[in-house]
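# Summary of structural features
The chain contents come next:
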Amino acid sequence: MDLSIFIQTVTSGVLLGGLYGLIALGMTLIFGVMRIINLAHGEFLMIGMYVSYILFTKFGVDPYVSIVVSVPLLFVIGIAIQRFLLMPLIKAKAPGENQILMTAGIGLVLTNAALLIFSPNYFTVLTTYSNATASIGKISVSLPLLWDFLICFGITGILYLFIMKTDTGCSIRAVAQNIDSARLMGINIDRIMIITFGVGAALVGAAGTLLMPIFYVFPAIGELFTLKAFIVTVLGGMGSALGALVGGVTLGVVEQMGATYISMALKDALGFVIFVLVLIFRPSGLVGKSRF
Amino acid sequence: MLSVKCLNVFYGDAQALWDVSFEVPEKKLVTIIGSNGAGKSTLLKAISNLLVSRSGEIQIQGHVTTGLAAHHVAELGVAHVPEGRQLFPLMTVMENLRIGSVLPEAKAKREETLREVFDLFPVLGERQSQMANTLSGGEQQMLAIGRGLMLRPKLLLLDEPSLGLAPMLVSQIFEVIKEINSRGITVLLVEQNVQRSLEMADEGFVLENGRITMSGSGQELLVNEHIKTAYLGL
Ligand SMILES: Nc1ncnc2c1ncn2[C@@H]1O[C@H](COP(=O)(O)OP(=O)(O)OP(=O)(O)O)[C@@H](O)[C@H]1O
Ligand SMILES: [Mg+2]
């Protein structure tokens, strides 16, 4: 076995995994607080991608810069969805499944809206650095992927500070850990859920923007990434941010290993194999309950 | 301070409280005693609006709170220390206390209240950065009370604070409750430790099968024959 190919594979797996982690971070945050899986998650990612695409092609904005638009936009969209579409279901004491169905419906609407606006075609953004690589010895990695990884870490760091150090962040954790006690502390649960959904959407919006320079966007891309985010969320232990990162890197490495050593076509299937194995042998996830 | 009128509370179709009425005067320590399943916790949850009452009215300092969201009741200065502590398990002692003071008024005095809480429970000060789920049962109970105090409550609802504690700790907890009350905080105490709570209370109510069946000063109830046989095992 060629060592440099192995290191190359693991490296790109880890880098890609950072992005998977960021994609799942929002889903796991939303799950932790609301106890629902947001099935429109991949579609939020799609919006982030199209935002970059439009800003780049129409206004020549660098895809990395467009994050300052996609993040606030997705935050507002997330807030509106929680406030006007999900909260009424909670108020009506509908079971959690109804909320999940609602997110699935939102996903469908977004996919079809994209189809209407952008046609089913695949789009990419071609920048001067799209194909740039950084190499150390025999290992070379895509430069945008490396940047993505670093920015993912930066965003996770900001989220960490927000969740761990601010009163609003502490309130989010409180609601996730004991919702009735959180109420007794005077925390407005509705408000926290709205903020959480907004933050969750903003995180995956950022991920979409970061994905754009290394991938392509099309209307049905959402389901693919909702599924990946779900796998990562479960791998990490449903609700743990740290777990999402560990799960993301695990999935990234497994996929890349599969693509290199087994077959490109089987790489996604391998993700499921790991998913099932973790469910059987570590049902509480790779990380389990964690503070962050 | 607190006035409850004709309160009826249901779990689904099962009625847990029947026409419950009582008052808790300002700055007093009032206790509710009753056997398991009598509806004591239900009553406290109805007062803090964790549970929605079917009918009746609750007033706190003249504000009708029936139908409000639970966090609005907390805003009126009601801290509910629930049965079984219900801490935030993956937060440190410090974070649990901090989260008890997220409301603006409490937040403004956070440092001051923290010092007071550490004075009452020095062990919490020593264990500030320990995770709540690794505390001993007694420490957890102190943290639960401390977290409630962080709100700077006017009315403190305590649900079986001595449950599962060693006798030494029980005495300590009751001392602290007396101390809290002497600082001007109105206390509504639910206890299985009938003897001690009646000794300490200004007034007591007996809850049986979801109904208030008896009331009187702590001393009156202590010498009552029914109380003696049913609750004090004398
Ligand atoms: N969530 C619930 N759903 C249905 N019934 C409930 C629920 N919670 C409590 N009950 C019922 O309501 C009645 C009163 O319960 P409650 O917890 O208020 O009793 P309690 O006086 O606090 O008892 P204990 O001293 O054991 O804590 C009991 O019959 C109980 O079974
Ligand atoms: Mg009880």
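First things first, this report covers the structure right here in the doc. Along each chain, residues carry numbers from 1 onward, in the same order as the chain's sequence is written. Each chain gets a letter, beginning with A, and each ligand a number, beginning with 1, in the order they are written. At least 70 in pLDDT is required for a residue's local features to be given in this predicted model, at least 80 for side-chain atom pairs to be given and counted, and no such filter applies to totals for whole chains, interfaces and linings, which use all residues. Side-chain numbers come from the whole structure's heavy atoms, not from hydrogens or water.

## Things to note about the sheet that holds strand 6 (residues 78-81) of chain B
All names here are of chain B. Overall, mixed pairing links the six strands, which are arranged 6-7-8-3-9-10 in an open sheet. A single partner strand is all that each edge strand has here, and the edge strands are strand 6 and strand 10 (211-217). The mean angle between the axes of side-by-side strands here comes to 15°, regardless of whether they run parallel or antiparallel. When DSSP finds at least two bridges between two strands, those strands are taken to pair. Secondary structure elements follow DSSP: runs of H or I of four or more residues count as helices, runs of E of two or more count as strands, with numbering from the N terminus. Note: strand 3 (residues 29-33) against strand 9 (residues 203-208), four bridges, orientation parallel. When the bridges of strand 9 are listed, Val-30 appears paired with Glu-203. We call two residues contacting when some pair of their heavy atoms lies within 4.5 Å. Axis lines are fitted to C-alpha atoms, over the contacting stretch for helices. Their N-to-C directions set the angle, which ranges from 0 to 180 degrees. In this fold helix 1 (residues 40-47) packs onto strand 3, strand 6, strand 7 (155-159), strand 8 (186-191) and strand 9, with an angle of close to 150° to the strand it touches most, strand 7. Packing of helix 7 (residues 137-149) onto the sheet brings it into contact with strand 6 and strand 7, and relative to strand 6 it is tilted by some 170°.

## Quick look at the pattern of salt bridges
Two side chains of opposite charge can pair, provided their charged atoms sit close to one another. Residue and element names in this part refer to chain B. A pair is scored as a salt bridge if a Lys or Arg side-chain nitrogen falls within 4 Å of a carboxyl oxygen belonging to Asp or Glu. Evaluation of the coordinates by the stated rule reveals 16 salt bridges over all chains. Ionic pairing is found between Arg-152 and Glu-116, a salt bridge with its closest N-O pair at 3.9 Å. You can see Arg-152 sitting in the loop between helix 7 and strand 7 and its partner Glu-116 sitting in helix 5 (residues 110-120), a full 36 residues away along the chain. Residues Arg-183 and Glu-179 are paired through a salt bridge, measuring 2.8 Å at the closest nitrogen-oxygen approach.

## So, helix 8 (residues 189-211) of chain A
All names here are of chain A. For a helix, the expected span equals 1.5 Å multiplied by the number of residues minus one. Here helix 8 is 23 residues long and its end C-alpha atoms lie 33 Å apart, about the 33 Å a rise of 1.5 Å per residue gives. Burial classes follow relative accessibility: with a 1.4 Å probe on protein chains only, a residue under 20% of its type's maximum area counts as buried, one over 50% as exposed, and anything between as partly exposed. In terms of burial, helix 8 is a largely internal element, 21 of the 23 residues being buried. Pairs of N or O atoms within 3.5 Å make up the polar contacts considered here, provided that, within protein, one atom can donate a hydrogen while the other can accept it, and that residues adjacent in sequence are counted only when both atoms are side-chain atoms. Its side-chain oxygen 3.2 Å from the backbone nitrogen of Asp-190, Asn-188 forms the N-cap of helix 8.

## As for the interface of chain A and chain B
Taken together, the contact pairs 22 residues of chain A with 25 residues of chain B. When two parts are put together, the accessible area they lose, computed with a 1.4 Å probe and summed over both, is reported as buried area. Overall, the association of chain A and chain B removes approximately 2,100 Å² of surface from exposure, summing both partners, and the carbon and sulfur fraction of that is 61%. Per-residue buried area on chain A facing chain B is highest for Asp-167, Leu-184 and Met-185 of chain A; these three make up 35% of the total on that side. Where chain A touches chain B, the interface holds five salt bridges. Arg-173 of chain A is paired through a salt bridge with Glu-95 of chain B; the nearest N and O atoms lie 2.8 Å apart. Where chain A packs against chain B, one counts 11 residue pairs in polar contact (both at pLDDT 80 or more). Here the side of chain A that touches chain B takes six residues from helix 6 (residues 167-177) of chain A, the largest share from any one element. Each residue gets one of three labels, nonpolar for Ala, Val, Leu, Ile, Met, Phe, Trp, Tyr, Cys and Pro, charged for Asp, Glu, Lys and Arg, and polar for the others, Gly among them. Tallied by class, residues from the side of chain A that touches chain B come to seven nonpolar, eight polar and seven charged.

## Section: helix 5 of chain B
Of all the positions in helix 5 of chain B, only Arg-110, Thr-113, Leu-114, Val-117, Phe-118 and Leu-120 of chain B are classed as buried. The buried residues of helix 5 of chain B occupy an angular sector of 155° when the element is viewed end-on, so they sit on one face. Facing away from the buried surface of helix 5 of chain B by more than 90 degrees, the exposed residues are Glu-111, Arg-115 and Asp-119 of chain B. Packing partners of the buried residues in helix 5 of chain B comprise helix 6 of chain A together with helix 3 (93-99), helix 4 (104-108), helix 6 (122-126), helix 7 and helix 8 (167-182) of chain B. In this context, the arc is that of the directions from the helix axis out to the C-beta atoms.

## Focus: the site of ligand 1
Residues and elements named next belong to chain B. Near ligand 1 you find 13 residues, and of these Gly-37, Lys-40, Ser-41, Thr-42 and Gln-192 are the closest. Here a nitrogen atom of ligand 1 and a side-chain polar atom of Tyr-11 are 3.3 Å apart. Within the contact set of ligand 1, an oxygen atom lies 2.9 Å away from a backbone nitrogen or oxygen of Gly-37. If ligand 1 stood free it would expose 630 Å²; the protein chains cover 57% of that surface. When residues in the shell around ligand 1 are grouped by element, the largest group, three residues, is from helix 1. Distances are taken per atom, and a residue is near a molecule or strand as soon as one of its heavy atoms is within 4 Å of it. Accessibility throughout is a Shrake-Rupley quantity obtained with a 1.4 Å probe, and a residue counts as covered only by protein chains that appear here.

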